[in-house]
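Remarks on the overall topology
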Amino acid sequence: MFRKLTDRLSAAINGNDDKVATLQQMGFDPNQARAALETTGGNIDSAAELLLSSTFQTHATASYREDFSIQNAMEESLETEYQRIYQQAQNESVQENQLRSAANSKAAQAAIKRANDQSKKISSSKMKRTAAISKNAPARNTQKIHSTQHDYPMEENHPNVKVPPKLENKTKEEQIIRNVDRAKSHPAAVDTLYKALSALKNHPDNEKFRRIDKSTQGYQRSVANVPGAEALLLAMNFTLYNSSILIIDRKRIDPALLYLGVSALEEAKCSKEYKEAKILIQFNEEVKKITSPTKLSENEAILRDSLLSKCPNQPLEGRGALIQIRLGDELLKRSFDSDDVLQDVLNWLGGHGSCIPDKLVNREWCLVDKNRYPIKPIDCEINSNKTLQYIGFWPSGKLEIKPSPLF
């Protein structure tokens with residue numbers, strides 16, 4: 001109630017400020033002018049007439065003093081209420097902080113207790129392992145013990161986590177499947193292993209098929225250093241002698257394992273990885289024949305010179321775009337201007353083999369931009385007259401020629 005009354009008084013007083021200022025300019029006291037305006041409902045003319053009468057001046061002064069006393073009393077009451085609310089909120093905040101501090105203290109004590117318990121557990125385990133190693137170690141090594149175990153083994157800190165076993169600790173069947181899968185991107189190794197194991201499967205009594213010499217050129221060229229190749233033979237019960245001979249005894253030949261190994265290799269020969277690697281090998285062999293300088297005929301030399309004569313001059317050093325093209329095992333490099341066209345690059349490639357431009361245009365081979373992802377072949381026929389900057393080979397181009405069946 002006091003708040004509403006105070007708001008109404010403040011609105012009335014603030015609304016008459018301009019009229020009070022006008023009456024004050026006319027020579028009337030501001031307090032009496034405000035009282036007269038309140039009496040006449042804000043009419044400035046009536047308030048001026050009322051102020052001219054001597055009886056109102058005495059009454060207005062007394063009335064205004066009474067109103068002013070009431071307003072001061074209400075303001076003091078409101079200020080006291082504000083102070084009470086503020087003190088109550090401050091007390092509640094202090095109590096909440098005390099409760100929070102107590103909870104934090106309990107949580108900290110619990111965390112310290114857990115840390116101490118864990119430290120004791122680890123120290124106890126470490127002492128047990130050290131004692132066991134010391135007991136089994138020779139007397140001359142008692143001063144310095146080298147442990148192969150970690151200070152914090154996973155089975156203690158993460159008992160529910162299961163570490164997968166090593167490949168050599170899995171079953172023979174799992175080892176065979178996994179090792180064939182690792183070797184399937186190496187066609188020469190797959191073909192060699194398939195031939196060797198098929199012969200052993202069909203002729204288990206023939207000692208020639210139960211012995212593999214790792215030092216031969218065929219093994220070194222096709223099987224050596226191929227992931228999973230030798231491990232596959234060991235999974236078939238072959239045994240390594242003198243680090244260069246793999247032998248399997250007749251009694252250790254398992255027909256089931258041989259059948260599984262041959263079947264897995266047959267399936268690997270139908271995989272995408274095997275086929276792509278096979279195509280790439282044939283492609284590299286063809287590139288070597290085309291670019292070989294030893295088999296260059298007179299007609300081929302004339303065709304290459306003719307194509308190179310159509311190439312523009314190279315820009316000055318530090319200018320132009322550097323074009324790098326991987327062709328088999330060779331990396332070709334040359335600089336071109338931004339307004340040179342793709343046909344100029346094809347003519348330059350023709351200088352390394354006159355049939356290369358035709359193979360690219362006919363899409364027997366494809367030119368791919370290795371700076372783009374995903375890698376897609378470039379249509380050399382459509383883009384032959386497009387500038388290198390338009391195609392995206394500016395300020396540099398990193399390209400590769402690949403066989404089209406791979407895309």
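Given the structure is predicted, the values throughout are model-derived calculations rather than measurements. Every chain begins its residue count from 1, and numbering advances along the sequence as written. Per-residue local features are limited, in this predicted model, to residues with pLDDT of at least 70; the limit for side-chain atom pairs, both in listing and counting, is 80 or more; totals at the level of whole chains, interfaces and linings are taken over all residues. For the side-chain quantities, the full set of heavy atoms in the structure was used; hydrogens and water were omitted.

**Focus: the sheet that holds strand β1 (residues 211–213)**
What counts here: Two strands qualify as a pair provided DSSP detects at least 2 bridges between them. Numbering of helices and strands starts at the N terminus; helices are DSSP runs of H or I of at least 4 residues and strands are runs of E of at least 2. Here an axis means a line fitted to C-alpha atoms, over the contact stretch when the element is a helix, while the angle between two N-to-C directions is reported on a 0 to 180 degree scale.
Strand order in the open sheet formed by 3 strands is β1-β3-β2, and the pairing between neighbours is antiparallel. Lying at the two open borders of the sheet, with one neighbouring strand each, are β1 and β2 (239–241). The average angle at which neighbouring strand axes cross in this sheet is 25°, direction not considered.

**Section: the side chain of R334**
The condition that has to hold: Throughout, exposure labels follow a simple rule: accessible area from a 1.4 Å probe, protein chains only, divided by the maximum for the residue type, with under 20% read as buried, over 50% as exposed, and the rest as partly exposed. A positive count includes Lys and Arg, and a negative count includes Asp and Glu. His and the chain ends are not counted in either. Each reported salt bridge corresponds to a side-chain nitrogen of Lys or Arg within 4 Å of a carboxyl oxygen of Asp or Glu. Residues are treated as being in contact if the distance between any of their heavy atoms lies within 4.5 Å.
By the element assignment, R334 lies in strand β5 (residues 330–336). For the buried R334, no salt bridge exists, and the shortest N-O distance to an oppositely charged side chain is 5.5 Å, to D340. Discounting residues that sit within four places of it in the chain, R334 has contacts with C311, P312, N313, Q314, A321, L322, I323 and W348.

**Focus on the packing of helix α2 (residues 17–25) against helix α4 (residues 44–52)**
The geometry of a pair of packed helices is captured by two quantities: the angle between their axes and the separation between those axes. Let me state the cut-off plainly: For classification purposes, angles smaller than 35 degrees are called roughly parallel, those larger than 145 roughly antiparallel, those between 65 and 115 roughly perpendicular, and all remaining angles oblique. Handedness of a helix crossing follows the sense of rotation of the near helix relative to the far helix, less than a right angle counterclockwise being left-handed and clockwise being right-handed. The residue classification treats Ala, Val, Leu, Ile, Met, Phe, Trp, Tyr, Cys and Pro as nonpolar and Asp, Glu, Lys and Arg as charged. All others, Gly included, are polar.
As a packed pair, α2 and α4 sit with axes 11 Å apart at the nearest point and diverge in direction by 45°. One finds that α2 runs oblique with respect to α4. The two elements α2 and α4 meet at a crossing, and its hand is right-handed. For the pair formed by α2 and α4, the contact residues are K19, T22 and L23 on the first element and I44, A47, A48 and L51 on the second. The class makeup of the residues in the contact of α2 with α4 is 5 nonpolar, 1 polar and 1 charged.

**Some thoughts on the pairing of strand β8 (residues 396–403)**
Sheet analysis places strand β4 (residues 321–327) next to β8, joined by 6 bridges and oriented parallel. Bridged to L327 within β8 is I401. The pairing of strand β6 (residues 365–369) with β8 spans 5 bridges and is antiparallel. Across the sheet, residue V368 finds its bridge partner in β8, namely E400.

**Quick notes on the pattern of salt bridges**
The tally for this structure, following the rule as stated, stands at 14 salt bridges. One salt bridge in this structure joins D329 and K288, with 3.8 Å as the shortest N-O distance. Note that D329 is positioned in the loop between β4 and β5 and K288 in helix α12 (residues 272–291), a separation of 41 residues in sequence. Here K288 falls in the exposed class, since its relative accessible area comes to 52%. Look at the salt bridges and you will find they share partners, linking R178, D181, K184 and E273 into a network.

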